[in-house]
Amino acid sequence: MNYIGNYEHQRHCFSSLIMCSLICCFISVFGVLINEVSLQETVEGFIRSSVVLPCSSTERDHKLQDVDVNWRHNGSENVYDIVKGDDSVERQHPLYKNRVETFPEEYLRGNFSIKINNLQYTDAGEFSCLISHSSEQKTVKLSIKESTAKKESKSSEQENQEDTEADSVDTSNWVFILLAVLLLFILSIACFIICYCRKKNQAPSFSPVMTEDKEQ
């Protein structure tokens, strides 16, 4: 009976440890996902140049005739529409006439990005990509800078800035993961201590009366 009790107690401790580990893993994954989603995508372009505004769907299993995508600028101006898999510029704002391109060969892959040519200062702002067939919405912030003779130096500075931002994002993710691992370690120790205390409290005690009975 004592052996069975110890076995049940060990199994209970092992189950508690697994539960704590699963909870910590869930918290870690959920935190990283929230961190990724909360990052706003920003694109930088130069006056009179071109820029690609990204928009991709998480769904890949869809038919071309079901594809409906609407690009809007600052929530109102019609930039571009994709209706039933076909490009539509009937309601396009005059500011974007003959300046917007898409990538039809990428539609089935869920890529609905657009390319804006001959950038103007009025193009700066927030662009929204509404993917109706999958109920998704992507937001891209476009900033316009003046193109000068020092464009190459600015481009190198931009690349360095992007690398720095990427490194900072990676660093924050690693810090969060390390904190989650530390939390997992602490919870594991706590579970071990709790199990040890329970085992100690549940240890059978032998009374002198029972000992004397056995000797007789």
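See the structure printed just above.
K.L.:
I'm lost on unusual backbone geometry in this one. Help?
P.N.:
Despite not being glycine, Arg 48 has its phi angle at roughly 70°, a positive value. Along the chain, Arg 48 turns up in the loop between strand S1 (41-46) and strand S2 (51-53). For Lys 84, which is not glycine, the phi dihedral falls at a positive 55°. Considering the arrangement of structural elements, one finds Lys 84 in the loop between strand S4 (77-83) and strand S5 (86-88).

K.L.:
Can you walk me through the packing of aromatic side chains in this structure?
P.N.:
Each aromatic ring pair is described using two quantities: the centre-to-centre distance and the angle formed by the ring planes. On inspection of all chains with the given rule, the structure shows two aromatic pairs. Ring centres 6.5 Å apart and planes at 80° place the aromatic pair Tyr 96 and Phe 127 in the edge-to-face group. Highlighted residues: Tyr 96 in the loop between S5 and strand S6 (100-102) and Phe 127 in strand S8 (residues 125-131), separated in sequence by 31 residues. Across the pair, exposure class does not vary: Tyr 96 and Phe 127 are buried alike. Each ring, one from Tyr 107 and one from Phe 112, has its centre 5.8 Å from the other, and the planes form 35°; the classification is tilted.

Rules and cut-offs
- Residues numbered from 1 in each chain as written.
- Predicted model: local features only at pLDDT ≥ 70, side-chain atom pairs only at ≥ 80, totals over all residues.
- Heavy atoms only, no water.
- Helix = DSSP H or I, 4+ residues; strand = E, 2+ residues; numbered from the N terminus.
- Phe/Tyr/Trp six-rings, centres within 6.5 Å; stacked < 30°, edge-to-face > 60°.
- Buried < 20%, exposed > 50% of the residue type's maximum accessible area, 1.4 Å probe, protein only.

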